[in-house]
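Residue-level structure breakdown
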Amino acid sequence: MKYNKLSHYILSLLLSSALLGGCNKHPMAAMSEEENSWQESVGLITILEAEPLEAMDSARVPATIDVAQEASAHGSSASRSFEVGDSMEPSELSSIVRKTGLKEEAASVKSVETARCYRNALAAVVRANTEKDEAIARANEAVTNANTARDAAVASANETVVRATTEKDEAIARANTARDAAVTWANEAAVRANVAVVIATTEKDEAVAREKTAREELAARDQEIAQTSNALAVALRIKAFGEAEWKHYFGDVGSAPPLPSDIATILDSTCPFWPNNKVRDTHLLVLIPATVRGVPFTLNLLGALVKYPRHGGYKTDYSYKERAKAQIGAASPPLGAASPPRSYWVLMTRYVLPDSRTKTYEAQKVMVAAHAGRVGLPYELPHALEAATAILMHHVHEGERLFGDRPCTLTRCQEVVNGLPVIVGGFCSEEGLVVSSSDGSSSSIGVSCLRKF
């Protein structure tokens, strides 16, 4: 890099000041020296302009100063001259002479003051150029830093723009998703609301229907309760061995036929045979089943059942007399195997009729028919199965032996086997209920009667 015009101007000023203020001599002498110094300055400036600053570093300046100081020490006057080349390499001096076109004499320094001025000027130029380079370097560094900061700022701004754009797109996407979800939820809510309305309407209709049904059921239940209450009231006044009792002690007997609706009245009426008592007190109301646990009901089955009643029933037995076994067993069909075709109720007297003992079988039948005609009720002699069932079921349920042996009491029945009417009774603890036959009149044999429903 070469010296610019400012450096040239500064150096000229410095040299002029040194020449003008350097000595107090005769004006002509001073003028002559000034003229010489000026010429030297011009030659030096020419050298400085032709030589780059790097070719004249500060390392050579002290050499020039040393020469100037040496000349001063030897007491040289202004007229004594020495060569700048004394402190330079010959090649450097030749380079300067070649570049400036000056003679070697023109490159000499003739005054110590002038050399000092040269030194100061060169040092100032070096400092200025160094400061300039440093300033340029700092400026370049600042520019580089500014560019770097600018690039970083631009990159950051771009990144911010990208991030903002991405966030904006994501926000838009989220907003769209939320909107779609809201629309979907609203649609689903509308559907649910419609379904709820339909369900509510349906439930309301169903509730109305259920309420109507409930009212009808309540009315029916009230009627049933009333009927049950009436039936219960009747049952409390009716002591009977019916379907429930059969099932409790022996097993299922199927459905029992209904009793007459006025059965309570019948039971509360005056007994036609014992006028001082009610019918309920002098009669047994018993169901005669067609089957027990699916098996046809017979005298033979009855004898087996009463031996093992369930749930705490009173057990007993019944037996044939030796003579009756042969006679009854020879009946056709056998009496013990006869079974009713259907279930029915019997209302049988608990005792033999008054004044029916010591009479013949024919007289006893006439007596029963007369009583039935008198009271207008269909009373008749019992069958053997009916009499045995009524007497034994009363014992299973109550533990009481009717038609017992103290005094011995038997009733004649409708069956006649080999000319002998069948008799049932003589219920004692040893043999149980006796089934036999007899045609004679006896104080032990009377006759009971019954009605059927």
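As the structure is a computational prediction, the values presented were derived from the model and not from experiment.

A separate point is the packing of aromatic side chains. Applying the stated criterion across every chain, the model contains eight aromatic pairs. Seen in terms of ring centroids, Tyr-249 and Phe-250 are 6.3 Å apart; in terms of plane orientation they differ by 55°. Their pairing is tilted. In this pair, the class of Tyr-249 matches that of Phe-250, namely buried. Taken together, the ring pairs connect Phe-241, Trp-246, Tyr-249, Phe-250 and Phe-297 into an aromatic cluster. Stacked on the ring of Phe-427, the Lys or Arg Arg-401 has its end atom at 5.7 Å from the ring centre. Geometry around Tyr-379 places Arg-451 over its ring, the cationic atom sitting 6.0 Å from the centre.

So, about the nonpolar core. Ranked by size, the top nonpolar core spans 48 residues in total, and within it Trp-246, Phe-250, Phe-297, Met-393 and Val-424 carry the most contacts. Here this core takes nine residues from helix α12 (residues 384-398), the largest share from any one element. Aside from chain neighbours lying at most four places away, what touches Val-424 is Ala-384, Ala-387, Ala-388, Ile-391, Leu-410, Thr-411, Cys-413, Leu-433, Val-434 and Val-435. Listed in part, the 11 residues of the second largest apolar core include Cys-271, Trp-274, Tyr-379 and Val-447.

Our focus in this paragraph is the pairing of strand β9 (residues 410-417). Among the eight residues in β9, six count as buried, and that is most of the element. Taken together, the five bridges between β9 and strand β10 (residues 420-428) define a ladder with antiparallel strand orientation. Residue pairing in the sheet places Arg-412 in a bridge with Ile-423 of β10. What sits between the antiparallel neighbours β9 and β10 is a turn of two residues, in which Asn-418 has the positive phi angle 55°.

Moving on: the sheet that holds strand β8 (residues 344-349). Spatially, four strands are ordered β3-β4-β8-β13 in an open sheet, and the strand pairing comes out mixed. Both outer strands of the open sheet, β3 (240-241) and β13 (450-452), are each paired with one neighbouring strand and no more. Two strands pair when backbone bridges link them, and strand β4 (residues 283-288) and β8 are joined in this way by six bridges, in the antiparallel orientation. Residue His-283 lies in a different strand from β8, and its bridge partner there is Thr-349. Lying over the sheet, α12 contacts β3, β4, β8 and β13, oriented at roughly 105° with respect to β4.

This paragraph deals with a nonpolar patch on the surface. On the surface, a nonpolar cluster with roughly 230 Å² of combined accessible area is contributed by Val-191, Val-195 and Ile-199. Mapping Val-191 onto the fold places it in helix α5 (residues 112-237). The exposure class of Val-191 is partly exposed, given its relative accessible area of 48%.

Moving on, we get to helix α11 (residues 361-375). The end-to-end C-alpha distance of α11 is 22 Å, a good match for the 21 Å that 15 residues give at a rise of 1.5 Å each. Inspection of α11 places Tyr-361, Gln-364, Met-367, Val-368 and Ala-372 among the buried residues, and these make up the whole buried set. Seen from one end, α11 has its buried residues packed into an arc of 130°, which puts them on one side. Facing away from the buried side of α11 by more than 90 degrees, the exposed set consists of Val-366, Gly-373 and Arg-374. The secondary structure elements touched by the buried residues of α11 are β9, β10 and β12 (445-446).

Thresholds, definitions, all that
Residues numbered from 1 in each chain as written. Predicted model: local features only at pLDDT ≥ 70, side-chain atom pairs only at ≥ 80, totals over all residues. Heavy atoms only, no water. Phe/Tyr/Trp six-rings, centres within 6.5 Å; stacked < 30°, edge-to-face > 60°. Buried < 20%, exposed > 50% of the residue type's maximum accessible area, 1.4 Å probe, protein only. Lys NZ or Arg CZ within 6 Å of the ring centre and 35° of its normal. Core = buried A, V, L, I, M, F, W, Y, C linked by side-chain atoms within 4.5 Å. Helix = DSSP H or I, 4+ residues; strand = E, 2+ residues; numbered from the N terminus. Contact = heavy atoms within 4.5 Å. Pairing = 2+ DSSP bridges. Axes fitted to C-alpha atoms, helices over the stretch in contact; angles between N-to-C directions. Patch = residues over 30% accessible without salt bridge, like charges linked within 9 Å, V, L, I, M, F, W, Y side chains within 5 Å. Areas by Shrake-Rupley, 256 points an atom, 1.4 Å probe, with all protein chains shown as cover. Salt bridge = Lys/Arg side-chain N within 4 Å of Asp/Glu carboxyl O. Expected span 1.5 Å × (residues − 1). Arc of directions from axis to C-beta.

Everything listed here is a matter of geometry and, on its own, says nothing about what the molecule does.
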